[in-house]
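# Residue-level structural notes
So you can see what is in the structure, the chains are spelled out below.
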Amino acid sequence: MNQSVDPGDTVVDATVGNGHDTVYLAKLVGPSGHVYGFDIQKTAIEHTQQALQAERLDHQVTLTHAGHETVAQVLPEATTVKCAIFNLGYLPGGDKTIITKPTTTLAAIQALEARLATNGVIILLVYAGHPGGDKEAQAVLDHMTQLDQHQFQVLQYGFINQVHTPPYLLAIQKR
Ligand code: SAH
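Everything in this summary refers to the structure shown in the same document. (Residues numbered from 1 in each chain as written. Predicted model: local features only at pLDDT ≥ 70, side-chain atom pairs only at ≥ 80, totals over all residues. Heavy atoms only, no water.)

### Here we look at the overall build of the chain
Filter applied, for reference: Secondary structure is summarised from DSSP: a helix means a run of H or I of at least four residues, a strand means a run of E of at least two, and numbering begins at the N terminus for each. Computation of the radius of gyration draws on C-alpha atoms, with the globule rule given as 2.2 Å multiplied by the number of residues to the power 0.38. Any two residues whose heavy atoms approach within 4.5 Å are treated as being in contact. Values of accessible area rely on a 1.4 Å probe in the Shrake-Rupley scheme; residue burial ignores everything except the protein chains shown. Charge assignment in this entry is limited to Lys and Arg as positive and Asp and Glu as negative, and neither His nor the chain termini are counted. A charged residue contributes its charge at one atom only: NZ of Lys, CZ of Arg, CG of Asp or CD of Glu.
Across its full length, the chain holds 5 helices and 7 strands. For a compact globule of 175 residues, the expected C-alpha radius of gyration is about 16 Å, and the chain comes in at 15 Å, within 12% of that figure. Seen through its principal axes, the chain has C-alpha atoms that stretch 40 × 40 × 30 Å. Sequence-distant contacts in the chain: of pairs separated by 6 or more residues, those separated by 24 or more amount to 70%. Surface summary for the chain: the accessible area is close to 9,400 Å², and the carbon and sulfur share equals 52%. Of the charged side chains in the chain, 10 are positive and 16 negative, and the gap between their average positions amounts to 1 Å.

### Points about the pattern of salt bridges
To keep things clear, this is the line we draw: One side-chain nitrogen of Lys or Arg within 4 Å of one carboxyl oxygen of Asp or Glu is enough to make a salt bridge. Categorising residues by exposure relies on relative accessible area from a 1.4 Å probe, with only protein chains included: less than 20% of the type maximum marks a residue as buried, more than 50% marks it as exposed, and the intermediate range marks it as partly exposed.
Applying the stated criterion across every chain, the model contains 4 salt bridges. Between Asp-9 and Lys-82 there is a salt bridge, with the nearest N and O atoms lying 3.2 Å from each other. Highlighted residues: Asp-9 in the segment before β1 (10–13) and Lys-82 in strand β4 (residues 81–87), separated in sequence by 73 residues. We note that Asp-9, like Lys-82, is buried. Among the charged side chains, a salt-bridge network with shared partners connects Asp-6, Asp-9 and Lys-82.

### So, helix α5 (residues 133–145)
An α-helical turn contains 3.6 residues, so any two residues separated by three or four positions project in the same direction. Inclusion rule: In this scheme, a helix's expected span is set at 1.5 Å multiplied by one less than its residue total. Each C-beta atom gives one direction from the helix axis, and the arc is the one those directions make.
The terminal C-alpha atoms of α5, which comprises 13 residues, lie 18 Å apart, in line with the 18 Å expected from a rise of 1.5 Å per residue. Turning to α5, its buried residues are Gly-133, Glu-136, Ala-137, Ala-139, Val-140, His-143 and Met-144. Buried residues of α5, seen end-on, are gathered within an arc of 160° and therefore sit on one face of the element. Among the exposed residues of α5, those pointing more than 90 degrees away from its buried face are Lys-135 and Thr-145. In the core, the buried residues of α5 are packed alongside α4 (102–115), β5 (116–126), β6 (152–158) and β7 (168–174).

### Regarding the nonpolar core
One broad rule of soluble globular proteins: the nonpolar side chains tend to lie buried together. This is how it is decided: In plain words, nonpolar cores are sets of buried Ala, Val, Leu, Ile, Met, Phe, Trp, Tyr and Cys residues tied together by side-chain atoms within 4.5 Å.
Membership of the largest hydrophobic core comes to 28 residues, with the highest contact counts inside it found for Val-12, Phe-86, Ile-109, Leu-112, Ile-122 and Leu-124. Broken down by secondary-structure element, the contributors of at least two residues to this core are β2 (34–38), β4, α4, β5, α5 and β7. Those residues within four positions of Ile-109 in sequence are excluded, and the remaining contacts are Phe-86, Ile-122, Leu-124, Val-140, His-143, Met-144 and Ile-172. The next biggest cluster of nonpolar side chains, apart from the first, holds 18 residues, and it includes Val-11, Leu-25, Val-61 and Ile-85.

### Describing the sheet that holds β6
For clarity, the cut-off: Following DSSP output, two strands are said to pair if at least two bridges run between them. A fitted line through C-alpha atoms serves as each axis, taken over the contacting stretch for helices, and the angle formed by two N-to-C directions is quoted from 0 to 180°.
Taken in spatial order, the 7 strands make up an open sheet running β3-β2-β1-β4-β5-β7-β6, and their pairing is mixed. Across the chains shown, the open sheet's two edge strands, defined by having one partner strand only, are β3 (61–64) and β6. Between one strand axis and the next, the sheet turns by 15° as a mean value, whatever way the strands run. By the bridge criterion, 6 bridges tie β4 to β5 in an arrangement that is parallel. The residue bridging Ala-84 from the neighbouring strand is Ile-122, located in β5. Across the face of the sheet, helix α1 (residues 20–29) comes into contact with β1, β2, β3 and β4 while running at roughly 175° to β1. Across the face of the sheet, helix α2 (residues 42–54) comes into contact with β2 and β3 while running at roughly 165° to β3.

### Topic: the pairing of β3
Remember that side chains alternate between the two faces of the sheet whenever the strand is regular. This is how it is decided: A clockwise path from the first strand over the helix to the second, with the strands pointing away from the viewer, defines a right-handed crossover.
Bridge count between β2 and β3: 4 bridges; the pairing is parallel. For Phe-38, the partnering residue across the bridge sits in β3 and is Thr-64. Tracing the backbone out of β2, into α2 and back to the parallel element β3 gives a crossover that is right-handed.

### Observations concerning the layout of surface pockets
Which parts of space are left empty comes out when a probe the size of a water molecule is rolled across the atoms. Stated precisely, the cut-off is as follows: Method remark: on a 1 Å grid restricted to protein atoms, a set of points is classed as a cavity if a 1.4 Å probe fits but cannot get out and as a pocket if it is open with protein on both sides within 12 Å along at least five of seven lines; lining residues have an atom within 4 Å of a point. Grid points are joined across faces, edges and corners, and a volume is the space filled by probe spheres set on the points. Under the scheme applied here, ten amino acids are nonpolar (Ala, Val, Leu, Ile, Met, Phe, Trp, Tyr, Cys and Pro), four are charged (Asp, Glu, Lys and Arg), and all others, including Gly, are polar.
Size it by volume and the largest pocket reaches roughly 600 Å³. Taken together, 32 residues make up the lining of the largest pocket; nearest its centre are Thr-15, Asn-87, Gly-89, Tyr-90 and Leu-91. Of the residues assigned to the lining of the largest pocket, the class counts are 13 nonpolar, 15 polar and 4 charged.

Given below as structure tokens:
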């Protein structure tokens with residue numbers, strides 16, 4: 001993230017959750033940039049809003065209490081996105097039945113692909129170990145393996161010696 005995000009950039013935190021990434025991104029883009037954050041859980045939005053206010057970062061962040069699949073409606077028209085991050089699965093310590101889902105995750109990814117700046121990246125941390133996670137991971141992989149290599153570079157990065165189902169990272173960069 002810190003390699004591709006500069007002050008003044010527009011970035012998206014597609015799964016705000018505990019808000020750590022939102023705060024981190026707000027610092028990277030600075031007061032001239034903007035972070036758009038999404039979460040379907042009200043408590044995630046409220047806690048993150050408080051954390052941002054405590055660090056006086058709230059002016060450079062717009063939090064939306066709705067799914068990331070609404071990103072195209074929320075982002076101002078003609079805005080290009082330098083970086084979008086998805087932390088898939090459920091929120092640790094929260095309700096484990098509230099998970100990201102294949103249809104809405106894909107809708108958001110596709111909407112963001114259309115808005116990505118040249119060299120901009122979409123980063124996904126993919127969790128396949130919980131119920132429903134494998135289906136989502138497969139849907140995301142199916143989509144990404146089919147992306148035109150002249151338009152996007154897609155990379156996968158992950159542990160190859162861990163037991164259970166460790167998360168892995170997917171990154172889509174626009175050429
Ligand atoms: N698995 C990660 C954390 C994922 S948090 C880890 O272990 O660190 C995922 C967050 O996405 C949750 O806060 C959840 O409420 C949120 N979420 C679920 N569906 C969503 C959607 N359609 N749009 C935006 N956020 C969503």
